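Chain by chain, the residues:
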Amino acid sequence: MRSGRQVAVIGAGLGGLSAAALLARGGLQVTVFEKGCRAGGKMNVFAANGFTWDTGPSLVTMPHVLRGLWRKLGRDFDRDLQLIRLEPSCRYFWPDQHRVDEDEAFWQRPDLTRLLRHAAGIYDVSAEAFLEHRLEDWWKQLHWKNLPKLRHLPKVADRRTLAQLAADYFADKRLRQYLGRFATYNGSSPYRAPAAFSIIPYVQRQFGSWYVKGGLYRIADALAQICREEGARFEFGTEIFRVQPNGRGFTLATAGGTVLGCDLVICNQDVLSADAQLFPPPFRTGYASQRRDLAVSGFAMLLGVRGNHPGLLHHNVFFSDDYETEFRQIFDQRTPPAPPTIYVAIDSKTEPERAPAGHENWFVLVNVPAFRGPDQGKRWERASETYGNLILRRLSAFGFDGLENRVVDRHYLSPLDFARRFNAFGGSLYGFASHGLFSAFRRPPLQSRRLPNLWFVGGSTHPGGGIPLSLLSGRIVAEEVLR
Ligand SMILES: Cc1cc2nc3c(=O)[nH]c(=O)nc-3n(C[C@H](O)[C@H](O)[C@H](O)COP(=O)(O)OP(=O)(O)OC[C@H]3O[C@@H](n4cnc5c(N)ncnc54)[C@H](O)[C@@H]3O)c2cc1C
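Residues numbered from 1 in each chain as written. Predicted model: local features only at pLDDT ≥ 70, side-chain atom pairs only at ≥ 80, totals over all residues. Heavy atoms only, no water.

Draft legend 1. Just the overall build of the protein, in detail. Within the protein one finds 17 helices and 19 strands. What you see for the protein is a C-alpha radius of gyration of 22 Å, in line with the 23 Å of a compact globule of 483 residues. In terms of principal-axis extent, the alpha carbons of the protein reach across some 65 × 55 × 45 Å. Counting the 483 residues in the protein, one finds 59% classified as buried. For the protein, the proportion of contacts with a sequence separation of at least 24, taken over those separated by at least 6, is 74%. (Helix = DSSP H or I, 4+ residues; strand = E, 2+ residues; numbered from the N terminus. Rg over C-alpha atoms; globule rule 2.2 N^0.38 Å. Buried < 20%, exposed > 50% of the residue type's maximum accessible area, 1.4 Å probe, protein only. Contact = heavy atoms within 4.5 Å.)

Draft legend 2. Representation of helix 7 (residues 162-169) in the model. Taken together, the buried positions of helix 7 are occupied by L162, A163, L165, A166 and Y169. Along helix 7, the residues classed as buried sweep out an arc of 160 degrees about the axis, all on the same side. (Arc of directions from axis to C-beta.)

Draft legend 3. Spatial organisation of the pattern of salt bridges. As enumerated under the stated definition, the model contains 29 salt bridges in all. The salt bridge partner of R475 is E479, with a shortest N-O separation of 3.5 Å. Of the two residues, R475 and E479 are both situated in helix 17 (residues 467-482); the distance of four residues between them amounts to about one turn of the helix. Residue class for R475 comes out buried when judged on its relative accessible area of 14%. Under the relative-accessibility criterion, E479 is labelled partly exposed at 23%. The salt bridge involving R483 is made with E480; its shortest N-O contact spans 3.0 Å. Judged by its relative accessible area of 70%, R483 is exposed. (Salt bridge = Lys/Arg side-chain N within 4 Å of Asp/Glu carboxyl O.)

Draft legend 4. Up close: the domain arrangement of the protein. Annotation of the protein at the domain level lists domain 1 (6-43 + 61-84 + 214-288 + 442-482), domain 2 (104-208) and domain 3 (296-426). Look at where the C-alpha atoms of domain 1 and domain 2 centre, and you get two points 28 Å apart. Of the roughly 1,200 Å² buried at the junction of domain 1 and domain 2 (both faces included), carbon and sulfur atoms supply 58%. When the buried surface of domain 1 facing domain 2 is broken down by residue, T61, M62 and H462 rank first, second and third, together holding 32% of it. (Domains from an automatic or database assignment. Buried area = accessible area lost by both parts, 1.4 Å probe.)

Draft legend 5. Molecular detail of the packing of aromatic side chains. Applying the stated criterion across every chain yields a total of 29 aromatic pairs. Considering the side-chain rings of F130 and F441, the 5.6 Å spacing of their centres and the 80 degrees angle between planes classify their relative orientation as edge-to-face. Taken together, the residues F130 in helix 5 (residues 110-131) and F441 in the loop between helix 16 (415-422) and strand 19 (454-456) connect sequence positions 311 residues apart. Residue F130 is classed as buried on the basis of its relative accessible area of 15%. On the basis of relative accessible area, F441 is assigned to the partly exposed category, the value being 39%. Plain terms: the ring middles of Y287 and F432 are 6.0 Å apart, the flat faces sit at 70 degrees to each other, and that makes the pair edge-to-face. Taken as a pair, Y287 in the loop between helix 11 (271-278) and strand 14 (297-306) and F432 in the loop between helix 16 and strand 19 lie far apart in primary sequence, 145 residues in all. One exposure class covers both Y287 and F432, and it is buried. Here the aromatic residues Y92, W94, F106, W107, Y178, F182, Y185, Y191, F319, Y323 and F327 are joined through ring pairs into a cluster of three or more. Sitting above the plane of the Y217 ring, R38 keeps its charged end 5.8 Å from the centroid. Over the aromatic face of F432 sits the side chain of R292, whose NZ or CZ is 3.8 Å from the ring centroid. (Phe/Tyr/Trp six-rings, centres within 6.5 Å; stacked < 30°, edge-to-face > 60°. Lys NZ or Arg CZ within 6 Å of the ring centre and 35° of its normal.)

Rendered as C-alpha cells:
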C-alpha cells in the first residue's frame, strides 16, 4: 500500500539510491532528482575506443553491507551481482625496488597479526554502534550483552594518530607507510587521523577485497533498477537549486524554475555544498565556512595502455619516498603532491574484455587537495596535462620504461570535474577530513537539527565515505523515516 507521503531524494549517488529503494519499498512515493544523466554519482563509468573504466570506486570492502541491503530489499543478491575476491588484494611498490603483495603470508607476519588483534577489538566495540545507527544513538548500544566488548573502548579513545600507531607497531618504515595509507580511504592524513583507523586494514583482511563482474558500476545500475521496480521515479538532468521549507513540508525549485512540493527531503548532495546552494539563510549551518580540513580530492587518469604488464596486479600502489612531505603538501601547502603516491587499478587483469586484445585499462588515481574558492579550482583546467605527465614519468621510474609511448588513450578527472559533475565541495571526495580524536562525532548529522523532515545521506555525512558507509547512511535514514 502506498502512503500519500511524497519523498524527494536529491541525488542518485549510493546514499540516495539505498534510501530511495528502501523508502519506496516501505510504501512512500519517492522521486529521485539527479542532475546527471544516470544514477551512481561518484560511482560511475566511462567507455571509449574499446576500453571501459570505472571512474570512481574500484575496490569493494565489507561485502556483507551490500548483501545486507539486498536482503532488506527482499532481493537475491547473487542473481543481481557477482562478486569476485581478489587474492592477493594489492601489490605495493617502493622507490627502492622493494615490493610486497598483500596476501595470506603477508597477513600472517607477527607484527601485522599483533596490529590486527588490536584493531579487531576496535571493530568489536564500535562497528555496530557507529556504522549501523545514527551517531546520537550510539550509546543505546551499551546494552549489558555488549559489556565484555567495552574493555576495548580505550582503544577507540587512543590519542595517538594512525602514523604514531604505525611507528609503535612497525620497525620497517615502509610498513608504516603501508598502514598510514588506510587513512586516505576516508580522505584523511595518517598524521592527523586517529589511531582507531587501524580498523580499516582489519576490515580489509577480515572481509576481503572484491571486484564486481562487469565493473563496479553494476552496483549503482542494479540499485537503480531495484528503485524502479519498487516504484520510485527518476528525474535525470534535473538539478535542484532551492529547498524552501513551508509548514510541514518543502517546496523544491529546479534550474528551469519548476516548483515541486514534497513532505520529506533526503539530500544526497554533499552536505557542504548543499548548505549554501539549497537552503535559505535561516536554515544554513555554515559548514562551508568552517576552518576544518577538507578530505582529499582525487586526480584520476583513465589510460588505455598497449601491452600486458605481468608485474602488475588488479590493484597496485606506488609509494612516494617521503610520506610526511606528501601529506604536508596536500593539507598544509594545498598543492598537488610531487612526487605523489600513485594507485593503479587494472580491472582488465580480472576481466580482459574491459580492454581491447593486447591492451589494459589503467585507472590511475592520486590524492590531491580539495580547493577552496573557484580560482583555485579553475587551475585544474590548465594543470591536468602537466600533472598527468609527471605521474607517468614517476611510474616509468618504477620499471615501466617507455610507458608514455604505450598509452594509446588518455582521459582526466580533476577536482574541478568532481566539483562540477557531482557538486562535491571543492572537489572533496568525503566532505570534512577525519582529523582529530573526535572526528567521527563531528561529522554532519543525518537529520537536520532545524527541520526534522530533512535528512542527509552519503559520504560527507555519518558514518563516512566509501561504498559500504554511503549505503549504510541511506539505510539508517530510511529505517528512521519508516519507523
Ligand atoms: C575516484 C574515486 C575513487 C574511489 N574509490 C573508492 C573505492 O575504491 N572504494 C570505495 O568504497 N569507495 C571509493 N570511493 C568513494 C565512493 O565512491 C563514494 O564515497 C560514494 O560513491 C559516494 O556516494 P554518495 O552517496 O556520497 O553520493 P555521490 O556519489 O556524491 O552522489 C551524489 C549525487 O547527487 C547528485 N547531485 C548533487 N547535487 C544535486 C542537486 N542539487 N540536484 C540534483 N542532483 C544532485 C550528483 O550529481 C551525484 O550523482 C571513490 C570515489 C572516487 C571519486
